[in-house]
Each structure stands twice: as C-alpha cells, then as structure tokens.
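# Residue-level structure breakdown
Below are the chains, spelled out letter by letter.
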Amino acid sequence: MEKNIPDPDDFKKPMAFFLVRHHSDQLQSIVSSPDSDLHFPLFVDFAELFDEEPRVASVLFAQPNTYLRVFDAAAIWAQQIVLAEGKKGVEKKSIHVRIYTSGSALEFPETFPSIGRVRVQHHGILLTLKGIVTRSGAIKMHEGERTYMCQKCKNSFPVHPLVEARNSISLPSICPIKQNSKPCAGTKFQYVENTIVCNDYQEIKIQESTQVLGVGAIPRSILVILKDDLVDVVKAGDDVIVTGVLTAKWAPELKDVRCDLDPVLIANNVRRVNELKSEIDISDDIVMKFKQFWAHFKDSPLKGRNAILRGICPQVFGLFTVKLAVALTLIGGVQHVDASGTRIRGESHLLLVGDPGTGKSQFLKFAAKLCNRSVITTGLGSTSAGLTVTAVKDGGEWMLEAGALVLADGGLCCIDEFDSMREHDRATIHEAMEQQTISVAKAGLVTTLSTRTTVFGATNPKGQYDPDQPLSVNTTLSGPLLSRFDIVLVLLDTKNPDWDAVVSSHILSEAEPDSRTDDEGLVNSWPLATLKRYIHYVKEHFRPVLTREAEIVISSYYQLQRKSATHNAARTTVRMLESLIRLAQAHARLMFRNEVTQLDAITAILCIESSMTTSAIVDCIGNALHSNFTDNPDQEYAKQEILIREKLNSVESEG
C-alpha cells in the first residue's frame with residue numbers, strides 16, 4: 001500500500017512550472033520588491049490549476065497540510081527560474097501560495113458548507129467557509145517551524161508545531177529522510193541552533209449569516225487562524241470567504257469539565273467580500289423589464305411609483321405614507337464629501353412611533369427581507385455593548401466582539417421596542433447614526449469601527465399619545481436622538497368608522513383566495529424578489545444631482561421652517577436640510593432618474609411634513625396610519641404642489 005502513496009517531491013516540479021507559465025507577472029512583482037524578509041502572497045486560481053494540472057489539484061484538495069507547503073517551496077523555485085531568465089530582482093525567503101476558489105469546484109455544497117454544517121468528514125481537506133467576522137484577536141508572534149538533525153544520517157529536516165497539541169513540537173518516531181529510496185531508521189534527533197522560524201499569528205471568529213438560517217436556528221461560529229500576510233486584513237463586521245484546512249485544537253482546561261477538541265480553520269486565503277454583499281443576480285432581461293415598466297408609466301409616473309410601493313408589506317392595508325418612507329429609507333441618498341473632507345452620510349434613518357397593533361414590527365421584518373444584509377434586534381434587554389461593540393476576554397486576552405450596528409455595516413439595522421432601551425444605551429448610538437463610526441475605548445483597546453448602516457426603529461408612545469406635547473415627551477426619546485432620524489412617523493389608532501370599514505373589507509377579502517382586484521394584480525407584479533433587485537439596482541446605478549428648481553424648493557422650505565415661531569429647534573437645523581436632500585435623492589432613484597426634480601423635492605417635503613418632529617407648515621397630510629393609495633396620484637400631487645408653492649412663494653418674495 002505504501003508504494004501507492006505519492007511522493008510530495010514529485011509534485012514540486014509541475015507546480016513550479018505551472019507558476020512560471022501562468023503567474024509570471026506575480027512572480028516578477030514579488031522579486032522586484034526590495035525587501036526580502038517580508039511574506040509575499042501568490043494567488044492561484046484553483047479552477048485554472050484543475051484544468052492544467054488535475055493531479056496536482058486533486059492531491060492539494062485531499063492533503064492540503066502536506067502539499068500547500070510543497071506549493072510554497074515550488075513558488076521559491078519558480079522565482080529562481082524567473083531570476084535565472086534575466087529578470088532583475090531580489091530572491092525572497094517566504095512566498096505563500098494562496099488558493100483562490102471563486103467559481104471552482106471548491107464552492108460546491110459538498111466542499112463549501114455553511115459553518116453550522118461543518119462535520120468530521122471535512123477534517124483535513126481544503127475547505128471554504130463564508131461568514132461575518134464577529135471577533136478579532138490581537139496579533140501575536142508564533143513559532144512556525146524549527147529544524148532538527150538526525151544523528152544517524154546527519155540530515156536536517158523541519159518540524160512544525162501542531163495545533164491539535166496546543167502548538168507544541170512533536171518529533172517523528174523515525175527519521176523522515178530517504179536515502180536511495182530507503183528511509184533512514186534513525187530515532188535520535190538534535191535541535192539545530194538558531195533555526196526557529198516565527199510567524200505573525202492572529203485568531204478571528206466568523207459566524208454564519210442569519211440571512212441563510214431558518215426561524216429558530218442559532219447561528220454557529222468557528223475559530224479561524226490567520227498567519228503571516230493574512231493577519232490584520234479583516235476586522236470585526238467584515239464579510240469574508242475563508243479557504244483553509246479544517247483541524248481541531250484542545251479546548252481550554254476547566255475544572256471538572258471534560259476537555260474536548262474544538263474545530264478550527266487554519267486559513268490559506270481570506271477574501272473580504274463587503275463590496276459583494278448584495279450577491280443579487282440582475283440580468284439584462286430584468287433591467288429591460290424595469291425600463292419597460294417606466295416607459296409604460298411615462299405619462300403618469302406617480303402611478304408607476306405607487307405600483308412599486310404597493311409591493312412593500314402587502315399584507316398591511318394602506319399606510320401609503322409609511323410605505324413611501326420605508327422605500328426612501330432603504331434606497332437612501334448619495335454620500336458626498338465636502339471641501340473640508342467631512343463625509344456627509346447618504347443613509348437615511350426612519351423611526352415609527354405608534355400604538356400597539358399598527359403594524360410597526362411587520363414593516364421592520366419586511367424591510368429586513370428587502371435588504372441583503374440586515375440585523376433585527378429588540379430594545380428590550382439590548383445594551384450599548386450589544387448594539388455597538390463589546391470587549392470579551394478569551395484565554396487571558398481581550399478581544400473586540402461586534403454588536404448589531406457593526407454587523408449591519410453596509411446594510412440595515414432594525415431595532416424594535418426602541419423605548420425599552422435604557423437612556424444611556426440609546427445615547428451610545430448617536431455617533432453610529434450620524435458619523436457612522438463607533439469609537440471604542442475598552443479594556444485598553446482603542447479603535448474606531450465603521451457603522452455605515454441604515455437604522456430603522458419602532459417604538460410605542462409613553463401611555464396615551466398627547467398631540468399637544470412634543471414627541472420627546474410622548475416617547476421619552478431625547479431631542480438629539482430624534483434629530484438623527486430623517487423621518488419620524490406617528491401612527492395613532494384613532495377611531496374612524498370609514499377607515500375601519502375599508503380595512504375590515506380588505507382583511508375579509510384576503511381570506512378568499514379567488515377574490516382578486518386589479519390592485520392586487522398590480523401588487524403581484526412586484527413580488528419581494530423583484531423589489532429587492534430593483535432597490536439594489538437603483539442604488540448602484542443612479543447618483544442623482546439636484547436641479548436648480550429642486551434647490552429653490554428645498555432652500556425656501558428650510559428658510560420657512562427656520563422662521564416658524566413654533567419650530568422644534570432640535571429638528572430644524574442643518575440636519576433637516578441634509579435629510580431633505582437625502583430624501584429627494586432617494587425619491588429620484590425610486591423614480592428611475594439621475595436628477596432631482598421639483599417633484600422629488602416636494603415629495604421629500606411631504607415626508608418631512610408627515611414627521612411630528614417639525615411644525616406642519618402644509619397641513620394636508622393627516623394621520624399616517626390612515627393614509628391610503630389614491631386612484632389618481634398625479635392629480636393629487638398637483639394639488640399638494642399648489643399648496644406648497646403658495647407657502648414658499650412668500651419666502652421667495654421676501655428674499
């Protein structure tokens with residue numbers, strides 16, 4: 001049987017020639033670097049390797065512990081071949097072949113399981129896992145290799161520490177050196193002085209995404225070991241795809257507790273995929289359908305917009321204002337940097353304040369489905385550490401563990417029962433909402449983490465809502481926190497017999513599967529998957545700029561708010577002006593346009609008017625809970641435009 005075991009040295013030559021043929025550019029870039037002591041990565045596409053050298057790819061997949069080291073040695077040989085061809089450069093001591101698995105057989109379900117489905121059968125093979133970094137450890141110095149000499153044959157050989165044995169050195173029972181095809185039988189070895197090779201070493205923990213889990217499933221996590229050039233390339237909150245070798249290590253010793261082996265992945269390659277978070281396949285046919293849809297509603301664009309809005313949370317009847325606010329919040333505005341280098345956020349924040357049973361949680365959960373990266377949490381029991389970041393001690397070392405806002409970076413963070421949070425816990429998210437960073441100073445760890453996330457909150461009023469009192473009194477939320485929300489909608493469950501009759505008829509008709517109206521057919525043309533693709537497409541492809549007409553409308557409204565004697569000072573600041581611009585840009589994106597027109601500006605004003613945090617200058621909104629879709633929205637908008645223009649003309653004439 002031993003004769004059938006391939007000799008690793010037989011693969012070194014084909015590996016080296018493969019690198020010279022297909023990766024000469026990378027090799028030339030490596031040898032041209034002046035520093036010979038650094039660790040250099042050399043990226044190899046596994047699919048390309050399998051096509052060219054299937055035998056090499058097969059043994060690399062089945063026995064990566066052995067053949068990844070052979071591949072590294074082949075990379076050293078390949079650089080010597082490049083230098084021998086007359087290329088100028090310096091020979092490097094450490095080159096690490098990093099396997100790139102995208103589009104290869106290593107991303108099949110059998111070799112690309114979710115973290116929760118990792119089993120013993122995956123032990124020892126080249127494995128690819130995907131997750132989000134929840135914990136990032138400190139960078140340490142770690143012994144990676146030392147050399148011993150056989151006292152019988154006087155040959156030297158390297159020995160590597162074993163993760164399974166707590167990174168201790170375990171000497172072989174007999175000498176591994178072969179002479180004339182016969183193994184040396186030596187059993188006594190001597191350490192060769194000054195041959196210890198140290199590596200940079202870091203431990204991170206990755207957790208499977210909650211988006212791929214079913215209801216009731218607990219997200220599993222796994223420890224990942226990063227070495228050399230891989231350390232410090234990811235941070236807490238990053239989405240990563242890790243390729244490596246699954247092994248195990250002894251769990252920490254605890255008194256009266258059986259010590260088990262914990263799975264651990266020794267990384268060969270780490271890919272940050274934050275920019276690929278969407279993973280939405282939008283084909284040309286789908287884009288063509290979007291264009292055809294807007295061509296159909298060319299003469300009545302608001303009717304087309306409402307057709308899209310009907311697909312948002314269709315199980316909830318009406319609530320047009322809320323559905324419009326949700327759409328504008330998820331789409332968001334355009335981030336920009338001013339002349340001083342200050343970054344103005346493009347993400348919008350939405351807060352729903354309402355009586356129980358008004359559908360707030362329904363909107364939160366539906367919005368989470370529309371967003372590719374979302375975290376849902378509840379304020380009841382949530383602390384500042386759970387929302388931002390916490391310092392945890394693991395094995396005597398302090399690490400940072402990401403909270404909900406960090407994990408939702410680049411996506412949506414839904415916080416239900418916002419009023420249940422303690423006041424000092426709510427205060428910690430001020431920076432995360434406006435500056436979109438979290439400054440951490442815990443347990444000697446001082447850093448800043450990114451939280452470019454949209455916050456969607458829902459809260460109940462404190463007792464019976466009193467319209468005569470400010471919103472901060474009705475909700476116990478502070479003015480500075482309320483000012484960070486672009487839209488705050490109050491849903492009051494007031495008695496309205498006409499509305500109750502319409503809602504009850506809708507609920508009863510939903511129970512009859514065959515009863516479908518034209519409106520329901522229109523909703524069915526925008527299912528969840530289509531809405532998700534549409535929102536992603538307009539966010540990626542449209543960067544609306546303000547027209548002169550839109551600038552005049554927004555500026556006049558802002559000045560009118562500032563002159564109002566009953567204005568809320570915490571709201572009518574520059575933040576309100578920025579909110580108007582973001583909402584107008586979001587509406588232009590929703591309307592499939594690259595410029596912000598007067599229609600978008602006035603719609604943004606109507607959204608701000610719906611917010612109870614400002615004084616309603618244009619009193620034509622009413623209760624957001626009873627807002628419904630109109631039969632002819634374009635005519636309705638024309639009436640609202642006249643009302644707003646009359647109010648704003650006074651400002652323009654005074655100016």
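As a reminder, the structure under discussion sits directly above these lines.
This report concerns the structure included in the present document. Source: prediction; values computed, not measured. (Residues numbered from 1 in each chain as written. Predicted model: local features only at pLDDT ≥ 70, side-chain atom pairs only at ≥ 80, totals over all residues. Heavy atoms only, no water.)

### A word on the pairing of strand S5 (residues 156-159)
Taken residue by residue, a regular strand's side chains alternate between the two faces of the sheet. The condition that has to hold: Throughout, exposure labels follow a simple rule: accessible area from a 1.4 Å probe, protein chains only, divided by the maximum for the residue type, with under 20% read as buried, over 50% as exposed, and the rest as partly exposed. Counting from the N terminus, the helices are DSSP H or I runs at least four residues long and the strands are E runs at least two residues long. Paired strands, as defined in this entry, are two strands with at least two bridges between them according to DSSP.
Side-chain alternation along S5 places Phe157 and Val159 on a buried face and Ser156 and Pro158 on a face that remains uncovered. Two elements, strand S4 (residues 140-150) and S5, share four bridges in a ladder whose sense is antiparallel. Directly across from Met149, in S5, lies its bridge partner Ser156. Count of turn residues in the S4/S5 antiparallel hairpin: five residues, of which Lys154 carries a positive phi of about 60°.

### Here we look at the side chain of His587
Definition in use: Distance and chemistry together define a polar contact, namely a pair of N or O atoms within 3.5 Å, with one atom able to donate a hydrogen and the other to accept it when in protein, and with adjacent residues in sequence counting only for side-chain atoms on both sides. In this analysis, two residues are considered to be in contact whenever any of their non-hydrogen atoms come within 4.5 Å of each other.
When you line up the elements, His587 lands in helix H20 (residues 574-590). Residue classification places His587 among the buried positions, given a relative accessible area of 0%. Here Asp600 takes part through its side chain, which lies 2.7 Å from a polar atom of the side chain of His587. In this view, His587 contacts Leu302, Arg305, Leu324, Leu328, Leu599, Asp600 and Thr603; residues no more than four positions away in its chain are not counted.

### Thoughts on the nonpolar core
For soluble globular proteins, nonpolar side chains are generally found buried alongside one another. Rules: The criterion is simple. A nonpolar core is a set of buried Ala, Val, Leu, Ile, Met, Phe, Trp, Tyr and Cys residues joined through side-chain atoms within 4.5 Å.
Counting 75 residues, the largest nonpolar core has Val326, Phe363, Phe456, Tyr534 and Leu590 as the members making the most contacts within it. Among the elements that take part in this core, helix H8 (residues 320-331) stands out by supplying nine residues, more than any other. Excluding its chain neighbours within four sequence positions, the residues that come into contact with Val326 are Ile312, Leu350, Phe363, Ala367 and Phe456. Counting residues in each nonpolar core, the second largest holds 34 residues, with Leu400, Ala404, Ala408 and Leu477 among its members.

### A closer look at the packing of helix H4 (residues 54-62) against helix H5 (residues 64-84)
Stated precisely, the cut-off is as follows: Each axis is a line fitted through C-alpha atoms, and for a helix only the stretch in contact is used; angles between axes span 0 to 180 degrees, taken between their N-to-C directions. Note on angle classes: values under 35 degrees are labelled roughly parallel, values over 145 roughly antiparallel, values of 65 to 115 roughly perpendicular, and the remainder oblique. Crossing handedness is read from the near helix: turned anticlockwise from the far helix by less than a right angle, it gives a left-handed crossing, and turned clockwise, a right-handed one. Put simply, Ala, Val, Leu, Ile, Met, Phe, Trp, Tyr, Cys and Pro go in the nonpolar bin, Asp, Glu, Lys and Arg in the charged bin, and everything else, Gly too, in the polar bin.
Viewed as axis vectors pointing N to C, H4 and H5 meet at an angle of 130°, and their least axial separation amounts to 6 Å. In this view, H4 runs oblique relative to H5, as classed from their interaxial angle. As H4 packs across H5, the resulting crossing turns out to be left-handed. Between H4 and H5, the residues in contact are Val59, Leu60, Phe61 and Ala62 and Pro64, Tyr67, Leu68 and Phe71, respectively. For the contact of H4 with H5, the residue count by class is eight nonpolar, no polar and no charged.

### Considerations on the pairing of strand S20 (residues 437-442)
Bridging between S20 and strand S21 (residues 445-450) involves six bridges; their strand directions are antiparallel. Each residue of the ladder has a partner; that of Thr437, found in S21, is Ser450. The hairpin formed by S20 and S21 contains two residues between the paired strands, and Ala443 there has a positive phi angle of roughly 55°.

### Thoughts on unusual backbone geometry
Leaving glycine out, the prevailing phi sign among residues is negative, and the prevailing peptide bond configuration is trans. Despite not being glycine, Asp228 shows a phi value in the positive range, around 55°. Mapped onto the elements, Asp228 comes out in the loop between strand S10 (221-227) and strand S11 (239-250). Residue class for Asp228 comes out buried when judged on its relative accessible area of 8%. Despite not being glycine, Cys313 has its phi angle at roughly 50°, a positive value. With respect to the helices and strands, the residue Cys313 is situated in the loop between helix H7 (301-309) and H8. Residue classification places Cys313 among the buried residues on the basis of a relative accessible area of 0%.

### Remarks on the packing of aromatic side chains
Inclusion rule: Each Phe, Tyr or Trp ring (for Trp, its six-membered ring) is paired with any other whose centre lies within 6.5 Å, and the angle between the two planes then decides the class: stacked below 30 degrees, edge-to-face above 60, tilted in between.
This structure, assessed with the given rule, holds 12 aromatic pairs. Judged by centre distance (6.2 Å) and plane angle (40°), the rings of Phe17 and Trp77 are tilted. Of this pair, Phe17 sits in helix H1 (residues 12-22) while Trp77 sits in helix H5, placing them 60 residues apart in sequence. Taking the relative accessible area as the measure of exposure, Trp77 reaches 31% and is therefore partly exposed. A ring pair is formed by Tyr534 and Phe592, whose centres lie 6.0 Å apart and whose planes are at 15°; its orientation type is stacked. Remark: Phe592 occurs in the loop between H20 and strand S25 (595-596) and Tyr534 occurs in helix H18 (residues 528-541); sequence separation between them is 58 residues. The class of Tyr534 is buried, set by a relative accessible area of 1%. A network of ring pairs unites the aromatic residues Phe290, Tyr534, Tyr537, Phe542 and Phe592 as a single cluster.

### As for H20
Note the threshold: One less than the number of residues in a helix, times 1.5 Å, gives the span that helix is expected to have.
With 17 residues, H20 extends 24 Å from end C-alpha to end C-alpha; this agrees with the ideal 24 Å at 1.5 Å per step. Burial runs high along H20: 12 of the 17 residues are buried. Of all the residues in H20, the buried ones are Met576, Ser579, Leu580, Arg582, Leu583, Ala584, Gln585, Ala586, His587, Ala588, Arg589 and Leu590. With its phi angle positive at about 65°, Phe592 sits one or two positions after the end of H20.

### Some remarks on the pattern of salt bridges
Defined as follows: Put simply, a salt bridge is a Lys or Arg side-chain nitrogen that is within 4 Å of an Asp or Glu carboxyl oxygen.
A full pass over the atoms with the stated rule returns eight salt bridges. Its salt-bridge partner being Glu52, residue Arg21 comes within 3.5 Å of it at the nearest N-O pair. Taken together, the residues Arg21 in helix H1 and Glu52 in helix H3 (residues 46-52) connect sequence positions 31 residues apart. Residue Arg21 is classed as partly exposed on the basis of its relative accessible area, which comes to 45%. Since its relative accessible area comes to 37%, Glu52 is described here as partly exposed. We note a salt bridge from Asp486 to Arg582, for which the minimum N-O separation is 2.8 Å. Of this pair, Asp486 sits in the loop between helix H15 (479-483) and strand S23 (487-491) while Arg582 sits in helix H20, placing them 96 residues apart in sequence. Of the residues examined, Asp486 reaches a relative accessible area of 0% and is grouped as buried. Several salt bridges converge on common partners, so that one network encompasses Arg345, Glu434, Asp486 and Arg582.

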